[in-house]
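As a plain string of letters, each chain reads:
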Amino acid sequence: MYKYQETIIYKDELNDDFGNTIHHNHPLPEKYKIYSKNFFIVIFNFIFYWIVVRPIAFLYMKIKFHYKIKNKKEIKKLRNKGYLIFANHALIIGDAFGLNMVDYRKRNYILTGPEVSSLTKILHLLRGIGSLPVTSSLKRNVELSNAMKYILKNKRNTITIFPEAHIWPYYTKIRNFRYESFKYAIQFDVPVVVLTNVFNKKRFGKTPKITGYLSQVLYPDKTLNKKDAAIKLRDETYNIMVEYSKYSNYEYYNYIKKEENINE
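Predicted model, so just to flag it, every value in this text is computed and none were measured.

Cut-offs and rules
- Residues numbered from 1 in each chain as written.
- Predicted model: local features only at pLDDT ≥ 70, side-chain atom pairs only at ≥ 80, totals over all residues.
- Heavy atoms only, no water.
- Salt bridge = Lys/Arg side-chain N within 4 Å of Asp/Glu carboxyl O.
- Buried < 20%, exposed > 50% of the residue type's maximum accessible area, 1.4 Å probe, protein only.
- Helix = DSSP H or I, 4+ residues; strand = E, 2+ residues; numbered from the N terminus.
- Expected span 1.5 Å × (residues − 1).
- Bend = angle between axes of the 7 residues up to and from the residue.
- Contact = heavy atoms within 4.5 Å.
- Polar contact = N/O pair within 3.5 Å; in protein donor to acceptor, adjacent residues only side chain to side chain.
- Phe/Tyr/Trp six-rings, centres within 6.5 Å; stacked < 30°, edge-to-face > 60°.
- Lys NZ or Arg CZ within 6 Å of the ring centre and 35° of its normal.
- Core = buried A, V, L, I, M, F, W, Y, C linked by side-chain atoms within 4.5 Å.
- Arc of directions from axis to C-beta.

Enquirer: Would you mind going over the pattern of salt bridges with me for this structure?
Expert: A side chain with one charge may pair with a side chain of the opposite charge, provided their charged atoms come close. Counting across every chain of the model gives eight salt bridges. In this structure, Asp-235 engages Arg-234 in a salt bridge whose closest nitrogen and oxygen atoms are separated by 2.9 Å. Given a relative accessible area of 33%, Asp-235 falls into the partly exposed group. Overall, Arg-234 belongs to the buried group, its relative accessible area being 12%.

Enquirer: Just to check I follow, could you spell out helix α1 (residues 39–65) for this structure?
Expert: Because each turn of an α-helix spans 3.6 residues, side chains separated by three or four positions end up pointing in the same direction. With 27 residues, α1 extends 37 Å from end C-alpha to end C-alpha; this agrees with the ideal 39 Å at 1.5 Å per step. Its maximal kink placed at Val-53, α1 deviates by approximately 35 degrees, while the proline Pro-55 follows within four residues. Within α1, burial applies to Asn-45, Phe-48, Tyr-49, Val-53, Arg-54, Ala-57, Met-61 and Phe-65. On the buried face of α1, the contacting elements are α2 (94–99), β5 (108–112), α3 (123–129) and β9 (209–214). At the N-terminal boundary of α1, the capping side chain belongs to Asn-38, with an oxygen 3.0 Å from the backbone nitrogen of Phe-40.

Enquirer: What am I meant to see in the packing of aromatic side chains here?
Expert: Given two aromatic rings, one states the distance between the centres and the angle between the planes to describe the pair. Tallied over the full model, the rule gives 28 aromatic pairs. For the pair Phe-18 and Trp-168, a centre-to-centre distance of 5.4 Å together with 65 degrees between the ring planes defines the contact as edge-to-face. Separated by 150 residues along the polypeptide, Phe-18 in the loop between β2 (7–10) and α1 and Trp-168 in the loop between β7 (158–161) and α5 (183–188) bring together distant segments of the chain. Classification of Phe-18 as partly exposed rests on a relative accessible area of 29%. Residue placement shows Lys-37 over the ring face of Tyr-150; its charged tip is 3.9 Å from the ring centre. Over the ring of Tyr-49 we find Arg-107; its NZ or CZ atom is 4.3 Å from the centre of that ring.

Enquirer: Where do I start with the nonpolar core in this structure?
Expert: The tendency in soluble globular proteins is for nonpolar side chains to be buried side by side. Leu-84, Leu-111, Leu-132, Met-148, Ile-159 and Tyr-184 are the most contacted members of the largest nonpolar core, which totals 39 residues. Elements that contribute at least two residues to this core include exactly β4 (83–87), β5, α3, α4 (138–154), β7, α5, β8 (192–200) and α6 (226–245). In terms of residues, this core owes the most to one element, α6, which gives six residues. Aside from chain neighbours lying at most four places away, what touches Leu-132 is Ile-34, Tyr-109, Ile-110, Leu-111, Thr-112, Leu-144, Met-148, Ile-151 and Ile-159.

Enquirer: Explanation requested: α4 in the structure shown.
Expert: With 17 residues, α4 extends 23 Å between its outermost C-alpha atoms, agreeing within 8% with the 24 Å of an ideal straight helix rising 1.5 Å per residue. For α4, the full list of buried residues reads Arg-140, Leu-144, Ser-145, Ala-147, Met-148, Ile-151 and Leu-152. With its buried residues spanning 165 degrees around the axis, α4 presents them on a single face. Seen from the open side of α4, the exposed residues pointing more than 90 degrees away from its buried face are Leu-138, Lys-139 and Asn-154. Close packing links the buried residues of α4 with β4, β5, β6 (131–133), β7 and α5. Positive backbone phi, at 55 degrees, marks Arg-156, one or two positions downstream of α4.

Rendered as structure tokens:
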């Protein structure tokens, strides 16, 4: 394993975040719609996403990370279906940008944390990119659920969820994560694809080369109750990510749990 020596100390695998600089949440503005069907907003979002965001995302990922995705043949069978993508969360901007290279035929949306609601000045741009903010408001989460259903069932696009929830830049392993976000697959009865980004040494430069591996298509087990089906999907996803993560051979950061570093 190649290493670029810089250490990050962590305490809590489930809750520590090393990529998010926003530590406060605000309610979404009252008039803000998580998914807008307003004609002018739809046109703006279409132009902004396909003409501006997609090309920038492609160039950024190719130039900085030499990014490529393997096993794309797995998603050909989903051409006429919306589906969920579950991915490991190890890049700050790259996670959002790389996802636009998974399925060129579809627009990708991303479930984002409640801290996004604090970025009031750019909320409309974030919506244009595909942000779907989760909040603590029951009313807003009903709105979110309706938006997700429309995106997956009517528009047949993709929605990405990061089950690890928090960003650990260039982390080569897979952190433990909860099962709750997998309930969406059962709720909307849609397929799931797992994307695992792995990190390898580039010939030149310190930043890693990144390859995204797509899994086979997973489906909710309809013989189980909703909770057990979500847990099964969670376990399948975790095991797939762990297997692909073994292809990483370059640690840009050295992550050490605090109790392993007591003497420092």
